[in-house]
Amino acid sequence: DPVYTELAICTADADDTRTLCITESSDANTSCTADGSTALSTNLSTAASEFANIMAAAVEMTASCDDTPVGPLCSYGPILESLALTLFMNQCFVADLVYQTDMIECTNEQSINNQNCELAYSNPDDDDGNIQTCNNTAQPGLDACVDAYNTGATTCTDQSTDEQAICQELFDTAGCSEAYT
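Fair warning: this is a prediction, and the values are worked out from it, not measured in the lab.

*Asks:* Can you help me understand the state of the cysteines in this one?
*Replies:* By definition, a disulfide links the sulfur atoms of two cysteines through a covalent bond. Counted by the stated rule, this structure contains three disulfides. One disulfide bridge connects Cys 21 with Cys 117, the sulfur atoms lying 1.9 Å from each other. As the torsion about the S-S bond is roughly -85°, the Cys 21-Cys 117 disulfide counts as left-handed. Of the two residues, Cys 21 sits in helix α1 (residues 2-63) while Cys 117 sits in helix α2 (residues 76-122), which places them 96 residues apart along the sequence. By relative accessible area, Cys 21 is classed as partly exposed at 28%.

*Asks:* Which parts of the structure should I look at to understand the packing of α1 against helix α3 (residues 131-170)?
*Replies:* Helix packing for two helices is described by the angle between their axes and how far apart those axes are. One way to put it is that α1 packs onto α3 with a least axis distance of 9 Å and a crossing angle of 175°. One element, α1, and the other, α3, form an angle in the roughly antiparallel class. Touching Val 3, Tyr 4, Leu 7, Cys 10, Thr 11 and Ala 14 of α1 are Ile 131, Thr 133, Cys 134, Asn 135, Ala 138, Gly 141, Leu 142 and Cys 145, all from α3. Tallied by class, the residues present in the contact of α1 with α3 amount to 10 nonpolar, four polar and no charged.

*Asks:* Would you mind showing me how to read the pattern of salt bridges here?
*Replies:* Where charged atoms from two side chains of opposite charge approach closely, those side chains can pair. Inspection of the entire model under this criterion finds one salt bridge. One salt bridge in this structure joins Arg 18 and Glu 118, with 2.8 Å as the shortest N-O distance. Note that Arg 18 is positioned in helix α1 and Glu 118 in helix α2, a separation of 100 residues in sequence. Glu 118 gets classed as partly exposed once you look at its relative accessible area, which sits at 29%.

*Asks:* How do you make sense of the side chain of Ser 25 when you look at a structure like this?
*Replies:* Relative to the elements of secondary structure, Ser 25 occurs in helix α1. When neighbours within four sequence positions are excluded, Ser 25 is seen to be in contact with Gln 110, Asn 113 and Asn 114.

*Asks:* Explanation requested: α1 in the structure shown.
*Replies:* Think of an α-helix as turning once every 3.6 residues; residues three or four places apart then point the same way. Between its first and last C-alpha atoms α1 spans 90 Å; for 62 residues at 1.5 Å apiece the expected length is 92 Å, and the two agree. What α1 keeps buried is the set Val 3, Ala 14, Ser 25, Asn 29, Cys 32, Gly 36, Leu 40, Ala 47, Met 55, Ala 58 and Met 61. Of the surrounding elements, those touching the buried residues of α1 are α2 and α3.

*Asks:* So what exactly am I meant to see when it comes to the packing of aromatic side chains here?
*Replies:* Two aromatic rings are characterised by how far apart their centres lie and by the angle between their planes. As enumerated under the stated definition, the model contains one aromatic pair in all. Summarising the aromatic geometry, the rings of Phe 51 and Phe 88 are spaced 4.9 Å apart at their centres and angled 35° between planes, so their arrangement reads as tilted. One end of the pair, Phe 51, is in helix α1; the other, Phe 88, is in helix α2, with 37 residues separating them in the sequence. Assessed through its relative accessible area of 22%, Phe 51 is described here as partly exposed. The side chain of Arg 18 reaches across the aromatic face of Tyr 121, ending 4.3 Å from its centre.

Conventions and cut-offs
- Residues numbered from 1 in each chain as written.
- Predicted model: local features only at pLDDT ≥ 70, side-chain atom pairs only at ≥ 80, totals over all residues.
- Heavy atoms only, no water.
- Disulfide = S-S within 2.5 Å.
- Helix = DSSP H or I, 4+ residues; strand = E, 2+ residues; numbered from the N terminus.
- Buried < 20%, exposed > 50% of the residue type's maximum accessible area, 1.4 Å probe, protein only.
- Axes fitted to C-alpha atoms, helices over the stretch in contact; angles between N-to-C directions.
- Parallel < 35°, antiparallel > 145°, perpendicular 65-115°, else oblique.
- Contact = heavy atoms within 4.5 Å.
- Nonpolar A, V, L, I, M, F, W, Y, C, P; charged D, E, K, R; others polar.
- Salt bridge = Lys/Arg side-chain N within 4 Å of Asp/Glu carboxyl O.
- Expected span 1.5 Å × (residues − 1).
- Phe/Tyr/Trp six-rings, centres within 6.5 Å; stacked < 30°, edge-to-face > 60°.
- Lys NZ or Arg CZ within 6 Å of the ring centre and 35° of its normal.

As structure tokens, then:
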């Protein structure tokens, strides 16, 4: 049946478009999470580097306590060390919060994209290349087939009736129906 063949092609095309949309959504999510992981790595690396720099200065200040005379920054070494550790922990917490926010955003974005894929696939208000297009064009095609069949059946029945009338006029009525069919 040509209508069902076209409906199958249309449905397959709509399904392929939906699958491609979901694949692109998944690819975008993969990229988003990779970017979030890269940002986390960069932020933690920066925090570690800055911590190392501050700690180097703190060690130098603390080491000046062993000098004779005692260095002028000796008493600041332990304070700077404590501040460096606090700053490092804060930077780690902030990096983690940024990462968590990025991951939530990636998840939400993928969810919205997937919903948009489904909506584009099945939205009854959108009749432009989605499953609704297939369904909306299949029914008129089926209706046209039924109309064509009914017209053809009526034509055949009318022709049979006409032939039977002619047969009955020309010959005895026995055998006309059997001979025609």
